[in-house]
Amino acid sequence: MRIHVQLLADDQPGFTQEAWDAAAARAGAGGSGHRVSIGRDNAAFAAAIGEAEALITAREALRCHLPLTAPALELIFLLHAGVDGLTPFDWLPPGVALLNNSGTHADKAGEYAAMAVLMLANHVPFFTSRQRAGVWERRQAATAAGRRVTIVGLGALGSGSARRLRLLGLHVTGVRTRAEPHPECDRVVAVGELDWVMQDTEFLVLACPLTEDTRELLDRRRIALLPRCAGVVNMRRGGLVEQDALLDALD
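Now for a look at the structure at hand. All values reported here derive from a predicted model rather than from experimental measurement.

Broken down by element type, the chain carries nine helices and 10 strands. Reported as C-alpha extents along the three principal axes, the dimensions of the chain are approximately 60 × 45 × 35 Å. Looking at the chain residue by residue over its 251 residues, the buried ones come to 38%. Here the analysis covers contacts within the chain between residues at least 6 apart in sequence; of these, 52% occur between residues at least 24 apart.

Bringing the sheet that holds strand β10 (residues 231–234) into the picture now. Read across the open sheet, the five strands follow the order β8-β7-β6-β9-β10; overall the sheet is parallel. The sheet terminates laterally at β8 (187–190) and β10, the two strands that pair on one side only. Averaged over neighbouring strand pairs, the angle between their axes works out to 20° when direction is ignored. Summarising the sheet, strand β6 (residues 148–152) and strand β9 (residues 203–206) pair through four bridges and their orientation is parallel. Bridge pairing in β9 links I151 to V205. Along the sheet face, helix α4 (residues 106–121) touches β9 and β10 and points at about 155° away from the line of β10.

A few words on the packing of aromatic side chains. A full pass over the atoms with the stated rule returns two aromatic pairs. Here F126 and F127 contribute two aromatic rings whose centre-to-centre distance is 5.4 Å and whose plane-to-plane angle is 70°, an arrangement assigned as edge-to-face. On the basis of relative accessible area, F126 is assigned to the buried category, the value being 10%. Taking relative accessible area as the criterion, F127 reaches 33% and is therefore assigned partly exposed. The residue whose ring lies beneath R139 is F126, and the NZ or CZ to ring-centre distance is 3.7 Å.

Rules and cut-offs
Here the residue numbering is sequential within each chain, running from 1 through the sequence in written order. The model is predicted, so local features are restricted to residues of pLDDT at least 70 and side-chain atom pairs to those at 80 or more, both for listing and for counting; the totals for chains, interfaces and linings are taken over all residues. Excluded from the side-chain calculations are hydrogens and water; all other atoms, namely the structure's heavy atoms, are used. For helices the rule is a DSSP run of H or I covering at least 4 residues; for strands it is a run of E covering at least 2, with both sets numbered from the N terminus onward. The cut-offs for exposure are 20% and 50% of the maximum accessible area for each residue type, with area from a 1.4 Å probe on protein chains only; residues under the lower value are buried, those over the upper are exposed, and the others partly exposed. Residue contacts are counted whenever heavy atoms from the two residues lie within 4.5 Å of one another. Between any two strands, at least two bridges found by DSSP are needed for them to pair. Helix axes are fitted to C-alpha atoms over the stretch in contact, other axes to C-alpha atoms as well, and angles between N-to-C directions run from 0 to 180 degrees. Only Phe, Tyr and Trp rings take part, Trp by its six-membered ring, and two of them pair if their centres are within 6.5 Å. Stacked means planes under 30 degrees apart, edge-to-face means over 60, and tilted covers everything else. Two conditions define a charge located above a ring, namely a distance within 6 Å from the ring centre to NZ of Lys or CZ of Arg, and an angle within 35 degrees of the ring normal.

Below is the structure:
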């Protein structure tokens, strides 16, 4: 298969021909026999797209080259899970499949959520700002084990986050459309009960996609429901949060 990888100039610096070849070798027979090019500018894209059967790219890089003129193209594979920035799909050539990367980042997302919650639990943002200001100021922190985290959205990112946080001993409440049990959560509630669990949440992790129903899910009213000094980790789109209200809460 003729494959072209198109990236932005400063994106994915580790995505090189050498990295591709190493990954292809690990894949065995499925990774061999392909002709692959990797481009980071308009010239590279123009040289490859006419014969490319598969295009691997990210949303921002793809948008730079729409509309597509790609007579041999059969599929577009996105490096990320979200496709909301590409709707509506009237730009997609007939017969071309659009694939996202849902699920691939679950383990990494779990590590990130664990890191972010531990940073908040141990006041790392506070100490970092004081360090930049050249100020020494003491602040006490409790261990994370036994504290309460609420994760909104239990897809790949939310599930990976729940798994890692439970390993650290946190009590995990999951929030999704229906209150069905989840193996990585201590309890699961429906999204209609979000206001109720917010009042008992020390760390809030937003891992749900951005839709019309979830836009500004964390609005001024819900921010006020959180306990004082609660931490918020947004792992998805900025539009999930009413930004001005969050800034006001930080003041």
